[in-house]
Amino acid sequence: MEVHRLAVAGREAAIARHVGDRVARAWLATSRFADVEALATATLSLGPDADAFYDRGWARQATGRPRPAPAGADRR
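Model, not experiment: these values are computed from the prediction.

A. The arrangement of the overall build of the protein in detail. Along the protein, the regular secondary structure elements total four helices and zero strands. Here the protein holds 76 residues, and the buried ones make up 36% of them. By sequence separation, contacts in the protein at least 24 residues apart represent 51% of the contacts at least 6 residues apart. In the form shown here, the protein has an accessible surface area of approximately 5200 Å², with 55% of it arising from carbon and sulfur atoms.

Here's what the structure looks like:
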């Protein structure tokens, strides 16, 4: 986790993505869903990443939290 935190702080996207996904998969297997969501969100602060989106979505779905509405979804 510390490696991921330092990678995000140092804007090292490749390291954050690799380490974040490995940690997230281990945590998903042990039901640490809130931790996975926070980890994936931190990874996504460095830009889009398919694995981080997947991990965050899995964590949100497992806790029954609806996904956020797309921007402008309430406009008619």
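So that's the structure; there's more coming.
B. Representation of helix 3 (residues 33–44) in the model. Here helix 3 contains twelve residues, and its C-alpha end-to-end distance of 16 Å stays within 8% of the 16 Å for a straight helix at 1.5 Å per residue. Turning to helix 3, its buried residues number three or more, namely Phe33, Val36, Glu37, Leu39, Ala40, Thr43 and Leu44. End-on, the buried residues of helix 3 take up no more than an arc of 165°, which puts them together on one face. On its buried face, helix 3 sits against helix 1 (2–9), helix 2 (13–29) and helix 4 (50–62).

C. Quick peek at the environment of arginine 25. Here arginine 25 is to be found in helix 2. Through-space distance from the C-alpha of arginine 25 to that of valine 36 is 8.3 Å; in sequence the pair is eleven residues apart. Dropping the residues within four chain positions of it, arginine 25 is found in contact with Asp51, Tyr54 and Asp55.

D. Region of the structure containing the nonpolar core. Membership of the largest hydrophobic core is limited to nine residues, which are Val19, Val23, Ala24, Trp27, Leu28, Phe33, Val36, Leu39 and Ala59. Elements represented by at least two residues in this core include exactly helix 2 and helix 3. No other element matches the five residues that helix 2 contributes to this core. Apart from the residues within four sequence positions on either side, tryptophan 27 is in contact with Met1, Arg32, Asp35, Val36 and Leu39. Judged by nonpolar contacts, the second largest core, of five residues, contains Val8, Ala13, Ala16 and Leu46.

E. Focus on the pattern of salt bridges. Here the structure, examined in full by the defined rule, presents eight salt bridges. Aspartate 21 is paired through a salt bridge with arginine 25; the nearest N and O atoms lie 3.2 Å apart. Placement of both aspartate 21 and arginine 25 in helix 2 is noted, with a separation of four residues, approximately one turn of the helix. Looking at aspartate 21, the relative accessible area reads 17%, which means it is buried.

Thresholds applied
- Residues numbered from 1 in each chain as written.
- Predicted model: local features only at pLDDT ≥ 70, side-chain atom pairs only at ≥ 80, totals over all residues.
- Heavy atoms only, no water.
- Helix = DSSP H or I, 4+ residues; strand = E, 2+ residues; numbered from the N terminus.
- Buried < 20%, exposed > 50% of the residue type's maximum accessible area, 1.4 Å probe, protein only.
- Contact = heavy atoms within 4.5 Å.
- Areas by Shrake-Rupley, 256 points an atom, 1.4 Å probe, with all protein chains shown as cover.
- Expected span 1.5 Å × (residues − 1).
- Arc of directions from axis to C-beta.
- Core = buried A, V, L, I, M, F, W, Y, C linked by side-chain atoms within 4.5 Å.
- Salt bridge = Lys/Arg side-chain N within 4 Å of Asp/Glu carboxyl O.

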